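A closer look at the structure
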Amino acid sequence: MTRTVILTGASRSGSTFFGDLMNHAENAVSRHEEIGGRQGRDFFCVSSYAPDHPYIRRDVEAGLQRLSAAAEAAGKPMAADVNSNVAFAVDALRAADPAVGVFHLVRDGRRVVASNWLRKMYTDYAKGIDIRPSDPADYPVFEAYDRFEKLCWQWNRIAAELLGKGVPTVRMEEALED
């Protein structure tokens with residue numbers, strides 16, 4: 001039986017680097033953004049606004065099956081996906097596989113915001129995904145934010161989601177020290 005571990009968090013938290021690092025583990029097969037696809041923009045957007053949508057559950061189940069198959073084919077007991085696109089799909093992950101280990105990859109918020117700034121988040125030329133508030137009462141406040149404040153809001157929204165679901169944290173900076 002394959003043990004599955006998912007590391008998620010805000011975009012630009014170090015998931016690509018951490019996934020590459022995990023590829024060197026002798027007991028695991030590691031992927032980057034396997035669930036929802038490498039270009040998981042639709043998955044991320046749908047899951048942030050409609051986490052119970054059948055599309056999300058289907059992609060989670062298919063991704064978990066691919067991860068398990070890859071680990072079994074390699075003869076490894078563990079499969080990992082390091083994937084910021086599943087930050088809003090924790091309930092779907094847990095429903096699809098109650099034994100899945102979900103962890104919150106946390107990087108210093110200042111570095112996350114700076115990295116997303118370079119990717120032009122919250123501009124017409126963005127190379128990433130931005131999310132917006134779902135509560136109409138929050139629209140005027142959010143619309144008054146400048147770009148920096150929107151980036152901080154997004155980082156906080158994702159972190160609050162994961163912390164609110166009791167997802168244990170893995171601090172990127174501490175993981176690099178060990």
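Residues numbered from 1 in each chain as written. Predicted model: local features only at pLDDT ≥ 70, side-chain atom pairs only at ≥ 80, totals over all residues. Heavy atoms only, no water.

It is worth spelling out the sheet that holds strand 2 (residues 28-32) at this point. Working definition: the strands of a sheet are paired by backbone hydrogen bonds and lie parallel or antiparallel to each other. In spatial order, the strands read 2-3-1-4-5; together these five strands make up an open sheet with parallel pairing. Only two strands of the sheet have a single partner each, and these edge strands are strand 2 and strand 5 (169-171). With direction set aside, neighbouring strand axes in the sheet form an average angle of 25°. Two strands pair when backbone bridges link them, and strand 2 and strand 3 (residues 78-82) are joined in this way by five bridges, in the parallel orientation. Bridged to A28 within strand 3 is M78. (Pairing = 2+ DSSP bridges. Helix = DSSP H or I, 4+ residues; strand = E, 2+ residues; numbered from the N terminus. Axes fitted to C-alpha atoms, helices over the stretch in contact; angles between N-to-C directions.)

Right, let's get into the nonpolar core. Counting 34 residues, the largest nonpolar core has I6, I35, V60, L64, L93 and I158 as the members making the most contacts within it. Of the residues forming this core, the biggest block, six residues, is contributed by helix 3 (residues 54-74). Counting eight residues, the second largest nonpolar core, distinct from the first, contains V5, L7, M22 and M172. (Core = buried A, V, L, I, M, F, W, Y, C linked by side-chain atoms within 4.5 Å. Buried < 20%, exposed > 50% of the residue type's maximum accessible area, 1.4 Å probe, protein only.)

Okay, the pairing of strand 3 next. Within strand 3, four of the five residues are buried, which leaves the element mostly enclosed by the surrounding structure. Note: strand 1 (residues 3-8) against strand 3, five bridges, orientation parallel. Counterpart to L7 in the pairing with strand 3 is V82.

Attention now goes to the environment of V86. Along the chain, V86 falls in the loop between strand 3 and helix 4 (90-96). Under the relative-accessibility criterion, V86 is labelled buried at 0%. When the C-alpha atoms of V86 and G36 are compared, they prove to be 7.7 Å apart, with 50 residues separating the residues in sequence. Each residue touching V86, except ones within four places of it in the same chain, is listed here: I6, T8, I35, F43 and L93. (Contact = heavy atoms within 4.5 Å.)

Okay, the packing of helix 5 (residues 109-118) against helix 7 (residues 147-164) next. For the pair helix 5 and helix 7, interaxial distance at closest approach is 10 Å and the crossing angle is 125°. Taken together, helix 5 and helix 7 sit at an angle that is classed as oblique. The element helix 5 and its partner helix 7 pack so that their crossing is right-handed. Residues G109, V112, V113, N116 and W117 of helix 5 pack against R147, F148, L151, C152 and W155 of helix 7. Its residues assigned to classes, the contact of helix 5 with helix 7 shows seven nonpolar, two polar and one charged. (Parallel < 35°, antiparallel > 145°, perpendicular 65-115°, else oblique. Left-handed = near helix turned anticlockwise from the far one by under 90°. Nonpolar A, V, L, I, M, F, W, Y, C, P; charged D, E, K, R; others polar.)

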